[in-house]
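Chain by chain, the residues run as shown.
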Amino acid sequence: MKRQNGIILISLLLLTTFAVHAQNVVFTHQDSLRGTITNERAWWDLLYYHLDVTVNPVDSSLKGQNTIRFRVLAPFQTMQIDLQEPMHITKVMLEKEELLFRRDGNAYFITLTQKQTTGDFNQITVSFEGKPQVSKRPPWSGGLSWKRDKNNNPLIVTTCQGDGASLWWPCKDHQYDEPDSMLMTVTVPEGLTEVSNGRLRSVTLNPGNTKTFTWFVSNPINNYCVNLNIADYVHFGETYKGEKGILDCDYYVLPYNLDKAKQQFSEVPRMLEALEYWFGPYPFYEDSYKLVEVPYPGMEHQSSVTYGNDYKNGYKQTDESNTGWGLKFDFIIVHESAHEWFGNSITTKDIADMWVHESFGAYSESLFLNYHFGKQACSDYVIGTRAKIRNDRPIIGPYDVNTEGSGDMYFKGANMLHTLRQVINDDEKFRQMIRGLSKTFYHQTVTTQQVENYMSEAAGMNLTSFFNQYLRDIRIPVFEYQLDKSILKYRWTNCVTGFNIPIKISVNKTTNWLNPTSEWKTVTVKKGSTINTDINFYIMSKNLDIH
Ligand SMILES: [Zn+2]
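Notes on the structure follow. (Residues numbered from 1 in each chain as written. Predicted model: local features only at pLDDT ≥ 70, side-chain atom pairs only at ≥ 80, totals over all residues. Heavy atoms only, no water.)

**Things to note about the overall build of the protein**
Here comes step 1: Helix and strand counts for the protein come out as 13 helices and 29 strands.
Here comes step 2: Its C-alpha radius of gyration of 25 Å places the protein within 12% of the 24 Å reference for a compact globule of 547 residues.
Here comes step 3: Overall, the C-alpha framework of the protein stretches about 90 × 55 × 45 Å when taken along its three principal axes.
Here comes step 4: When contacts within the protein are restricted to residue pairs at least 6 apart in sequence, long-range pairs at least 24 apart make up 69% of them.
Here comes step 5: Approximately 21600 Å² of the protein is accessible, and the part contributed by carbon and sulfur atoms is 51%.
Here comes step 6: Placing the 54 positive and 60 negative side-chain charges of the protein at their respective mean positions leaves the two points 5 Å apart. (Helix = DSSP H or I, 4+ residues; strand = E, 2+ residues; numbered from the N terminus. Rg over C-alpha atoms; globule rule 2.2 N^0.38 Å. Contact = heavy atoms within 4.5 Å. Areas by Shrake-Rupley, 256 points an atom, 1.4 Å probe, with all protein chains shown as cover. Lys, Arg positive; Asp, Glu negative; His and termini not counted. Charge placed at Lys NZ, Arg CZ, Asp CG, Glu CD.)

Below, the structure written as structure tokens:
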């Protein structure tokens, strides 16, 4: 997703208040049910969903059933399935038997007929209906959007990152577990086209003026990426010859935007070329790549990235970096597509670790520029975005309560990665590290620790204190120095214990590397030298001689 720029200014005061009291936020029983791998979740491994849903624009309702196939990991009899008010589950079947269930807020506890046997495969079918919550501000607030296009045709879309897919369909609503594949059967009014994730298998005309679209996702998919987009779409497409062969690219747009889309979506092959270079092969060749027009800025829906950036460069024609470079690309196409690697192929188990999605998502913008316009463009852009860093609270949020950390996971996260790239001081090694992450954690759910450990190993240095500094602390490390005749004294301050990244400085315009720690160190330089730290490092420097 894109960081919510709009509300930053108006709610700055509120955010500051929140930052102070962040550690005192009281989480509810419902937060824990939603964010914890409860006993009622842990015993079964999700294998497959078949979501069959009928969308009725007349009364803004959904009705359908979800068949959930699973493997039994431990003997247990109660299963947690999530569905949020005002939606409700009407019936749960296991083969021909109707199962009893109890509702606790947004969680349903279903009693299976008998204790399940480890290793067995089983499936239940959950029937549901209701008028789902309407999104007040998609994609930042979840729900359905029942809109109209310029021709007054229905334009119906879902968004649910953060709030959860259980806003509109019953599922195991926790990021740690994903189905290996998913079938979606969506019935809509006859004149409309429905676009979901994966590949379109069939379109069936039904009696009663409805049409059923069947989509199949052949790869693991996270819950919040499952989406419906229903409109008077027109389709065009192309193929892209990428690292893993031929990738089908399909575009669904509103008819009056077709010409603009054909022009603007020439960004897609440029994006794929740059991101495959940095991140490795696009992770869902089997499911294709899609862009689908929606009435909100955009979202990383897996293999059906949704697009609402007005067919113009920048983010809503603005440059996130204020350097001019942000207008050289379509922000939504680059940023949201980058999540196919970081977010969709690699998904964090807990949204507290969401930096893995958004820091790479945000840095992809700079890497795109790096690929097409060179290293200076990359540096200028990522440094330009520092103005938006708040350092209000840590990037990593509290665990097990479905809560994100600071919005700094975007621009501070990107600057952290850019700083790490300087520390590694070998762009090819840095690139192979990112490609290695894509390969090692391909189609997996991960913890920040796994990612941090991998990066330490790949970098060949212990990055524990580096990640603690930028992900778990809000202070910007300060390179403190003092020049006493020809002796340069230096150290890190305002930092976590053990913070010790090497830093590139220039002494009278000659590059030098220093290895500061929190203890003073010295080096001999020419008397009266001018010292500058490399601006690519996201740190501050302080000359103690200047008061
Ligand atoms: Zn994002």
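Next comes the rest of the account.
**Notes on the environment of Q175**
Here comes step 1: The topology assignment puts Q175 in the loop between β10 (154-159) and β11 (181-189).
Here comes step 2: In this structure the side chain of Q175 is engaged in a polar contact, spanning 2.7 Å, whose partner is the backbone oxygen of T348. (Polar contact = N/O pair within 3.5 Å; in protein donor to acceptor, adjacent residues only side chain to side chain.)

**Looking at helix α13 (residues 464-472)**
Here comes step 1: For α13, the complete set of buried residues consists of S465, F466, F467, Q469, Y470 and L471.
Here comes step 2: On the buried face of α13, the contacting elements are α8 (355-373), α10 (411-424) and α12 (448-459). (Buried < 20%, exposed > 50% of the residue type's maximum accessible area, 1.4 Å probe, protein only.)

**Considering the packing of aromatic side chains**
Here comes step 1: On inspection of all chains with the given rule, the structure shows 41 aromatic pairs.
Here comes step 2: The interplanar angle of 75° and the centroid separation of 5.4 Å between the aromatic rings of F466 and F467 together place this pair among those described as edge-to-face.
Here comes step 3: The exposure class of F466 is buried, given its relative accessible area of 1%.
Here comes step 4: We classify F467 as buried; its relative accessible area is 0%.
Here comes step 5: If you follow R201 out to its NZ or CZ, it ends over the ring of F216, 4.2 Å from the centre.
Here comes step 6: It is R431 that lies over the ring of Y277; its NZ or CZ is 3.9 Å from the centre. (Phe/Tyr/Trp six-rings, centres within 6.5 Å; stacked < 30°, edge-to-face > 60°. Lys NZ or Arg CZ within 6 Å of the ring centre and 35° of its normal.)

**Some remarks on the coordination of the zinc ion**
Here comes step 1: Donor atoms from the polypeptide that bind the zinc ion are M1 (N), M1 (O), H335 (NE2), H339 (NE2), E358 (OE) and E358 (OE), placed at 1.9 to 2.7 Å.
Here comes step 2: One can describe the donor arrangement at the zinc ion as irregular, given that its 6 donor atoms subtend angles of 52 to 156° at the metal.
Here comes step 3: Between the donor residues of the zinc ion, the gaps in sequence give the motif M-x333-H-x3-H-x18-E. Separated by 357 residues along the polypeptide, M1 in the segment before α1 (6-10) and E358 in helix α8 bring together distant segments of the chain.
Here comes step 4: Take M1: its relative accessible area is 5%, and that puts it in the buried class. (Donors = N, O, S within 2.8 Å, 3.2 Å for Na, K, Ca; no water. Tetrahedral: all angles 85-135°; square planar, octahedral: opposite > 155°, others 65-115°.)

**Quick word on the pattern of salt bridges**
Here comes step 1: Taken as a whole, this structure holds 21 salt bridges when the rule is applied.
Here comes step 2: The closest approach of N and O atoms between E85 and R103, which form a salt bridge, is 4.0 Å. Taken together, the positions of E85 in the loop between β3 (78-82) and β4 (88-94) and R103 in strand β6 (residues 100-104) put the pair 18 residues apart, joining distant regions of the chain.
Here comes step 3: Members of the salt-bridge network, linked through shared partners, are K2, E320 and K388. (Salt bridge = Lys/Arg side-chain N within 4 Å of Asp/Glu carboxyl O.)

**Looking at the nonpolar core**
Here comes step 1: Counting 153 residues, the largest nonpolar core has I124, F265, Y289, W355 and M455 as its most contacted members.
Here comes step 2: Ignoring anything within four residues of it in the chain, the contact list for W355 reads F360, I395, I396, M409, M416, T448, V451, E452, M455, F467 and L471. (Core = buried A, V, L, I, M, F, W, Y, C linked by side-chain atoms within 4.5 Å.)

**Topic: the packing of α8 against α10**
Here comes step 1: Contact pair α8 / α10: the axes reach a minimum separation of 7 Å and the direction vectors enclose 65°. The two elements α8 and α10 meet at a crossing, and its hand is right-handed. Between α8 and α10, the contacting residues are W355, S359, F360, A362, Y363, E365, L367 and N370 on the first element and F411, G413, A414, M416, L417, H418 and R421 on the second.
Here comes step 2: Grouping the amino acids of the contact of α8 with α10 by side-chain chemistry returns 9 nonpolar, 4 polar and 2 charged. (Axes fitted to C-alpha atoms, helices over the stretch in contact; angles between N-to-C directions. Left-handed = near helix turned anticlockwise from the far one by under 90°. Nonpolar A, V, L, I, M, F, W, Y, C, P; charged D, E, K, R; others polar.)

**Some thoughts on the sheet that holds strand β1 (residues 44-56)**
Here comes step 1: Spatial strand order, β5-β4-β8-β2-β1-β11-β14-β13: 8 strands in an open sheet with mixed pairing. Every interior strand has two partners, whereas the edge strands, β5 (97-98) and β13 (199-206), have only one.
Here comes step 2: Pairing analysis gives 7 bridges linking β1 to β11, with the strands arranged parallel. Residue pairing across strands places D52 opposite T185, the latter belonging to β11. (Pairing = 2+ DSSP bridges.)

**Here's the deal with the pairing of strand β9 (residues 143-148)**
Here comes step 1: Summarising the sheet, β9 and β10 pair through 6 bridges and their orientation is antiparallel. Bridge pairing in β10 places L144 opposite T158.
Here comes step 2: The hairpin turn running from β9 into β10, its antiparallel successor, is 5 residues long, and N152 in that turn takes a positive phi close to 70°.

**With respect to the state of the cysteines**
Here comes step 1: Under the counting rule described, the total for this entry stands at 0 disulfides.
Here comes step 2: Here C171 stays free of any disulfide, with the sulfur of C160 as its closest cysteine sulfur at 8.1 Å.
Here comes step 3: Overall, the relative accessible area of 0% leaves C171 in the buried class. (Disulfide = S-S within 2.5 Å.)

**A few points about unusual backbone geometry**
Here comes step 1: Cis geometry is found at the peptide bond from E85 to P86, where omega equals 0°.
Here comes step 2: Tracing the sequence through the fold places P86 in the loop between β3 and β4.
Here comes step 3: One non-glycine residue, Y311, adopts positive backbone phi at about 60°.
Here comes step 4: Secondary-structure assignment places Y311 in the loop between β20 (305-307) and α7 (331-338).

**Topic: the sheet that holds β3**
Here comes step 1: The strand order across the open sheet formed by 3 strands is β3-β7-β6, and the pairing between neighbours is antiparallel. Here the strands that pair on one side only, and so sit at the sheet edges, are β3 and β6. When strand polarity is set aside, the average angle formed by the axes of neighbouring strands in this sheet is 25°.
Here comes step 2: Looking at chain direction, β3 and strand β7 (residues 107-111) are connected through 5 bridges and run antiparallel. The residue of β7 that forms the bridge with I81 is Y108.

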